[in-house]
Amino acid sequence: MSVSISPGRVRSEFVKKIKELSGETLQLCYQCGMCSGNCPMVSNMDLSPRQIIELARLGLEEEIANSKTVWICASCLACTVICPRGFDLSRLMEAIRLLTLRKRVDYVRPEEIPVKERGELPQIAMVSGLRKFSG
Amino acid sequence: MSAKKKDKSSAETMVKKEREVSKAKLIPVHIMGKRYDVPEGLTLMKAMEYAGYKFIRGCGCRGGTCGACGTVYRKPGDYRLQVALACQKTIEPDMHITQIPFFPANRAHYEFADLTSAPEEVFKLYPELFRCVACNACTKACPQGIEVMDAVSALKQGNITVAAQIGFECIQCGLCTSRCFGELVQYHMFQLARRIYGARITPRAEHLIEMTKAIDEGRFDNTLEKLRHMSEEELKELYRKREEEPVTAGEDWRPKDKTYL
Amino acid sequence: MRLAYYPGCTLKTKARNLEEPAIASLEALGFELEEIPRWNCCGAVHSLADDDLIHQVAPVRNLIRVKEQGKDAVVTLCSFCFNTLKRANLLMKDDAEKRDTLNSFMDEEIDYSGEVRVLHLLEVLRDEIGWEALAQEVKFPLRNLKLAPYYGCTLLRPREVAIDSVENPTILREFLKALGATPVEFPESTRCCGSYQIVSSPDSISGYAWDILSSALSHGAEALVLTCPLCDYDLGQGQKELVKRHNGFKGMPLFYFTQLLALALGLDPQVCHFELNHGSPESLLRENGLLP
Ligand code: SF4
Ligand code: SF4
Ligand code: SF4
Ligand code: SF4
Ligand code: SF4
Ligand code: SF4
Ligand code: FES
C-alpha cells in the first residue's frame, strides 16, 4: 500500500486523541508485523493491524476511517500477548472505534439486528456486540 | 344538599383556605430557573399553580398513583439530583424544581396473543436492554423507590418473574428513562414483563375458569332475564336492599341469600 | 470452603448446560456455591479505553456485592465473566486514581479496592482440590473419549489475568486427564472464535469456526471442550452450514467442561442439559457407554 503524506493531511489532533484514549505509546512499535501474523481476523481486514499503527502515528485519520479493520477486530488480544515491544494494539483499536462511536455514529444499532437473531443470540453476544459497536 | 348550597359552602372553604395560605409564611422556590415566593406547606404541584402555572399535562390523579407529575429538583449545596411526584412532595426553601411530565420513550409494537413466557420475547422487542451499564441512575431516579436496575438485570438474565415483581409498583412516570445512560426504556419493558408474568407465568385461577364455564352454560340466564324486565324503581329497590359484604369480612364470608352462588 | 458464585446472564438461559452441571458437581465435591445476591451483568467485554470508566462500573459493582457478602473469593464459570471481573478487579487494586473516581461515582455503595479474589472454576479444581484428588472422585472415567481443549481468549489473555501459561496452557488437558478422557492438543486451541463479531458479521464467523473445528478434527478429536457460551454459539450455530459446505464433515459435538465433570462424577445426566448443546453430543456419549 502506498500513502501520500503531506503536512496538510496529517491530523495531529487525531494522534493526540488516540494516544489519550488508548494510553499507549505509539512510538514503541517497530513494525515487525508479529501482530498481523498472529491476528485470526486478518484475512477479513483491508488494512493489517500493523498498518493501522503506522497510519495512526502518521496521523492519517482518513485512511483509517475508510478502513473496516477496527470493526473486524474481535479484541482477542492475540496481538497484545505476542508483541515483542509490549504494545497493546487492542487498546489502539478500541480508541479508534470510540472516536467514531462517540460522534454518535453506531456501527451496529440494536434495532437493526434482525428480530430472529435477537431471539437466538445468547445474551453474552448482544451485550458484548453492543458495547463494542454502539456508543 | 342542593347544588346551590354545595357551591356556596365550597366557595366558603376556598376563601377560608386562601386566607390561611395568605397568612402562611412565604418561602423562595425556583421553578424552571425563576424564583417565586410561595406559601410554605404547599406541594410542588400547588406551588407551581400558585406561581401561575396551569397544567394541561403533568397532572392527573393528584394522589400519587398516575405517574403524570414526575419532577426533579436540587437543594442548595447538594450535588445529588432528587426526584419526587409533584403532587406528593412538600416544597422546601430554595429548591430548584423542574417537572418532567413526559419523557420520549419508544414502546415496542407487539401482538400480545403471540407472545410466550420465553425471556427472548423481551430481547426481541427491546434489544437495547443489553446496553445497560449498571450505572444505577435509574434506581436513584425512581420516586417509587423501585430497584429499577435490579429489575433490568433480571430481564437481562431472562427472569421475567423477578422483573415483574420488582417493577410491580412502577407508575410509568418515566424519570428512570430520563436518566438512563444506556438509553433504555425501563418502564415499557416492565409493563411487558408484568403482562407476560400475569398472562403466561402466574397459574390460572381454577375457580374463575369454572365460573366462566358455568356462565357460558347459562347458569345466570334466568336471573339476568328477570332483571331485564324489571322497572327502574324495582331495580333501585333491589339495589337498596342488597346484602353488603362487611368491610371486615374474611375469605370465607358468604351472603345469606345463596341464589347466585 | 464456601465461595461466592457469579453466574452471568447467559448461564440462566441458553447456557444452563454450563451452570447446572457445575453446581451439582461442586456439591458432590463438598463445595457450596453461594450465588451473589443482586448481581448484574458484568458487561462481558473489558473496556480498553483509558477514560471509559463507566463500563467498569458493572463488574466492580458485582465485586462490591461479593465484599458485602463477606466472601473473599468469587468463582465464575463463563470465561468472559471471569475476564471482565478480574480485569476490573486489577484496575481497582492497582490504579488509585481510577479507583477513587469509581468509588465516588458509586456513592450509594461501600468503597472497594480490589479486596476480593476472582477465580475461574478450573482454578478452583486445580488449586483447591487438585487433579489427583479429583481423579479419585471419578466414578465413570471418560475412557476413549478424544477431546480437544478449546481455551479461546479470555482465560489466557491478557497475561495479567491468565489462569495458566499464555503460550502453552495445560489446565484443560490436566482436567480432562483427571476425568479419564484422552486430551487431543491442537494448535488452534487458543485462537479466537470471532467473539462478538457474530453480531456484526455473522457470515465471517463460520470461517473462523471452520479453522478451529477442522484443525481439531484433523488432530483426531471427537469433540471440543469449552468454557464460554459465546464460543459455544460461534462454534456451534453455523455447523449445519459447514456440514453442507465441507465434504465429509459430519459436525463436531461441543461440550462444556462442567458437563464432562458431572458425567465423570456419576451424576444424573439430566443436570447436563444436553438438549441445549450444539452438535448433539449424546450419540458420542452413547457409543462410549457414557449414556444409557
Ligand atoms: S507486534 Fe508489536 S512491534 Fe510488531 S508490528 Fe505489531 S505492534 Fe508493532
Ligand atoms: S485484538 Fe484485534 S487486532 Fe489484535 S489479534 Fe485480535 S482481532 Fe487481531
Ligand atoms: S420505574 Fe421508572 S417509570 Fe416506574 S416509577 Fe420508577 S422511575 Fe417512574
Ligand atoms: S440507568 Fe440505564 S444504564 Fe444505568 S443501570 Fe439503569 S438501566 Fe442500566
Ligand atoms: S459475560 Fe455474559 S454471560 Fe457473563 S454476565 Fe456478562 S453478559 Fe452475562
Ligand atoms: S474464543 Fe471467542 S468467545 Fe471465546 S473467549 Fe475468545 S472471543 Fe471469546
Ligand atoms: S398527579 Fe398523578 S401521581 Fe402526581
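If you're wondering where the values come from, they're calculated on a predicted model, not measured in any experiment.

## Comments concerning the layout of surface pockets
Taken as a whole, the largest pocket spans an internal volume of roughly 520 Å³. As for the largest pocket, its lining consists of 20 residues, and the residues nearest its centre are Pro 110 and Glu 111 of chain A together with Asn 106, Glu 128 and Glu 183 of chain B. Looking at the lining of the largest pocket residue by residue, the classes come out as 8 nonpolar, 4 polar and 8 charged.

## With respect to the pattern of salt bridges
A complete count under the given rule lists 44 salt bridges over all chains for this structure. The salt bridge involving Glu 174 of chain C is made with Arg 173 of chain C; its shortest N-O contact spans 3.4 Å. On the basis of relative accessible area, Arg 173 of chain C is assigned to the partly exposed category, the value being 26%. A cluster of three or more residues bridged by salt bridges with shared partners is formed by Lys 140 of chain B together with Arg 61, Arg 65, Glu 68, Asp 107, Glu 108 and Glu 109 of chain C.

## Observations concerning the site of ligand 3
Close contacts around ligand 3 come from Cys 142, Pro 143, Gln 144, Val 148, Cys 170, Ile 171, Gln 172, Cys 173, Gly 174, Cys 176 and Tyr 187 of chain B, and that covers them all. Looking at side-chain class alone, the shell around ligand 3 contains 8 nonpolar, 3 polar and no charged residues.

## What about the packing of helix α5 (residues 148-156) of chain B against helix α8 (residues 186-201) of chain B?
Residue and element names in this part refer to chain B. Here α5 crosses α8 at 55 degrees, and the two axes come no closer than 11 Å. Between α5 and α8, the interaxial angle falls into the category oblique. Of the two elements, α5 crosses α8, and the hand of that crossing is left-handed. Every residue of α8 that contacts α5 at Val 148, Ala 151, Val 152 and Leu 155 is listed here: Gln 186, Met 189, Phe 190 and Ala 193. Looking at the contact of α5 with α8, its residues break down into 7 nonpolar, 1 polar and no charged.

## Looking at the side chain of Arg 194 of chain B
Residues and elements named next belong to chain B. Among the structural elements, Arg 194 can be located in helix α8. We note that Arg 194 is buried and unpaired, the nearest opposite charge coming from Glu 169 at a distance of 10 Å. At 2.9 Å, the side chain of Arg 194 forms a polar contact with the backbone oxygen of Gly 167.

## What to know about the packing of helix α3 (residues 79-94) of chain C against helix α4 (residues 96-105) of chain C
Residues and elements named next belong to chain C. As a packed pair, α3 and α4 sit with axes 6 Å apart at the nearest point and diverge in direction by 105 degrees. As far as their axial angle goes, α4 and α3 are roughly perpendicular. Across from Leu 91, Met 92, Lys 93 and Asp 94 in α3, the residues of α4 making contact are Ala 96, Lys 98, Arg 99, Leu 102 and Asn 103. In the contact of α3 with α4, the residues fall into 4 nonpolar, 1 polar and 4 charged.

## Details of the interface of chain C and chain A
Interfaces are frequently sized by the accessible area removed from exposure as the parts join. Each partner contributes to the interface: chain C provides 43 residues, whereas chain A provides 39 residues. The three residues of chain C that bury the most area against chain A are Leu 48, Tyr 196 and Val 199 of chain C, which together make up 23% of that side's buried surface. Put simply, chain C and chain A have 2 salt bridges between them. The partner of Arg 91 of chain A in a salt bridge is Asp 50 of chain C, and the shortest N-O contact between them spans 2.9 Å. Secondary-structure elements contributing two or more residues to the side of chain C that touches chain A are α3, α8 (197-200), α9 (202-218) and α10 (229-236) of chain C. Ranked by residue count, the leading element in the side of chain C that touches chain A is α8 of chain C, at 4 residues. Counted by class, the side of chain C that touches chain A contains 23 nonpolar, 11 polar and 9 charged residues.

## What about the domain arrangement of chain B?
Per the domain assignment, the segments making up chain B are domain 1 (22-99), domain 2 (112-201) and domain 3 (212-240). Inter-centroid distance (C-alpha atoms) of domain 2 of chain B to domain 3 of chain B is 43 Å.

## Section: the sheet that holds strand β2 (residues 34-39) of chain B
Residues and elements named next belong to chain B. Strand order in the open sheet formed by 5 strands is β2-β1-β5-β3-β4, and the pairing between neighbours is mixed. On the outer flanks of this sheet lie β2 and β4 (82-85), each paired with one strand and no other. Between one strand axis and the next, the sheet turns by 35 degrees as a mean value, whatever way the strands run. Looking at chain direction, strand β3 (residues 70-74) and β4 are connected through 4 bridges and run antiparallel. Bridge pairing links Val 72 to Val 83 in β4.

## Some remarks on empty space enclosed by the protein
Inspection of the entire model under this criterion finds 8 cavities of 30 Å³ or more. Looking at the largest cavity, it is lined by 19 residues, and the ones nearest its centre are Ser 75 and Leu 77 of chain A together with Val 45, Asn 83 and Thr 154 of chain C. If you tally residues by element for the lining of the largest cavity, the top one is α3 of chain C, at 3 residues. Grouping the amino acids of the lining of the largest cavity by side-chain chemistry returns 11 nonpolar, 5 polar and 3 charged.

## Re the domain arrangement of chain A
All names here are of chain A. Considered domain by domain, chain A is made up of domain 1 (12-103) and domain 2 (108-135). Using only C-alpha atoms to locate each centre, domain 1 and domain 2 end up separated by 24 Å. Across the domain 1/domain 2 interface, buried area totals approximately 410 Å², and carbon plus sulfur atoms make up 58% of it. Three residues stand out in domain 1 for area buried against domain 2, namely Trp 71, Glu 94 and Leu 101, and they jointly supply 75% of the buried area on that side. Viewed at the interface, domain 2 and domain 1 are joined by 1 salt bridge. A salt bridge links Glu 94 to Lys 132; its shortest N-O distance comes to 2.7 Å. The interface formed by domain 1 and domain 2 holds 1 residue pair in polar contact (both at pLDDT 80 or more) in total. Top contributing element to the side of domain 1 that touches domain 2 by residue count: helix α7 (residues 89-101), with 3 residues. For the side of domain 1 that touches domain 2, the residue count by class is 2 nonpolar, 1 polar and 2 charged.

## Some words on helix α3 (residues 49-58) of chain A
All names here are of chain A. Considered for burial, the residues of α3 that qualify are Pro 49, Gln 51, Ile 52, Ile 53, Leu 55 and Ala 56. Where α3 is buried, its residues contact α1 (12-22), α2 (34-38), α4 (61-65), α5 (69-72) and α7. Of the residues one or two after α3, Gly 59 is the one with positive phi, at around 75 degrees.

## With respect to the interface of chain B and chain C
Taken together, the contact between chain B and chain C spans 17 residues of the former and 16 residues of the latter. Carbon and sulfur atoms supply 52% of the area buried between chain B and chain C, which totals about 1,400 Å² over both sides. Inspection of the region where chain B meets chain C yields 5 salt bridges. For Asp 107 of chain C, the salt bridge goes to Lys 140 of chain B, with nearest N and O atoms at 3.0 Å. Applying the counting rule to chain B against chain C returns 10 residue pairs in polar contact (both at pLDDT 80 or more). In terms of residues, the side of chain B that touches chain C owes the most to one element, α5 of chain B, which gives 4 residues. Here the side of chain B that touches chain C is built from residues that sort into 7 nonpolar, 4 polar and 6 charged.

## With respect to the sheet that holds strand β2 (residues 32-35) of chain C
Residue and element names in this part refer to chain C. Strand order across the open sheet formed by 4 strands is β2-β1-β3-β4, with parallel pairing between neighbours. The open sheet has two edge strands with one neighbour each: β2 and β4 (117-120). Averaged over neighbouring strand pairs, the angle between their axes works out to 40 degrees when direction is ignored. Where α3 meets the sheet, its contacts fall on β1 (2-6), β3 (73-76) and β4, and the angle it forms with β4 comes to roughly 160 degrees.

Quick notes on the rules
Residue positions are given per chain, counted from 1 along the sequence in the order it is written. By the order in which they are written, chains take letters starting at A while ligands take numbers starting at 1. Only residues with pLDDT of 70 or above have their local features reported here, since the model is predicted, and side-chain atom pairs are shown and tallied only from 80 upward, although totals for entire chains, interfaces and linings are computed over all residues. Remark: hydrogens and water are excluded; side-chain values derive from all non-hydrogen atoms of the structure. A 1.4 Å probe that fits but cannot get out identifies a cavity on a 1 Å grid over protein atoms alone, an open set with protein on both sides within 12 Å along at least five of seven lines counts as a pocket, and a residue lines either if it has an atom within 4 Å of a point. Grid points are joined across faces, edges and corners, and a volume is the space filled by probe spheres set on the points. Polarity classes work like this: nonpolar for Ala, Val, Leu, Ile, Met, Phe, Trp, Tyr, Cys and Pro, charged for Asp, Glu, Lys and Arg, and polar for all others, with Gly in that last group. By salt bridge we mean one thing: a side-chain nitrogen of Lys or Arg within 4 Å of a carboxyl oxygen of Asp or Glu. The buried label applies to any residue whose accessible area, calculated with a 1.4 Å probe on protein chains only, is under 20% of its type's maximum; exposed applies above 50%, and partly exposed to all values in between. In this text, near means that some heavy atom of the residue lies within 4 Å of the molecule or strand in question. For every element, the axis is a line fit to its C-alpha atoms; helices are fit only across the contacting stretch, and the angle between N-to-C directions ranges from 0 to 180 degrees. Numbering of helices and strands runs from the N terminus; a helix is a DSSP stretch of H or I covering at least four residues, while a strand is a stretch of E covering at least two. For this classification, under 35 degrees means roughly parallel, over 145 means roughly antiparallel, 65 to 115 means roughly perpendicular, and everything else is oblique. Should the near helix be turned anticlockwise from the far one by less than a right angle, the crossing is termed left-handed; should it be turned clockwise, right-handed. Here, residues are in contact when the closest pair of their heavy atoms is within 4.5 Å. Charge convention: Lys and Arg are scored as positive, Asp and Glu as negative, and His as well as the terminal groups of each chain are ignored. Whenever two N or O atoms come within 3.5 Å, that pair is a polar contact, provided that in protein one can donate a hydrogen and the other can accept it, and provided that, for residues adjacent in sequence, both atoms are side-chain atoms. The buried area of a pairing is the accessible area, by a 1.4 Å probe, that goes missing from both parts when the two are put together, added over both. Residue ranges assigned to the domains are those given by an automatic or database domain assignment. Whether two strands pair depends on DSSP finding at least two bridges between them.

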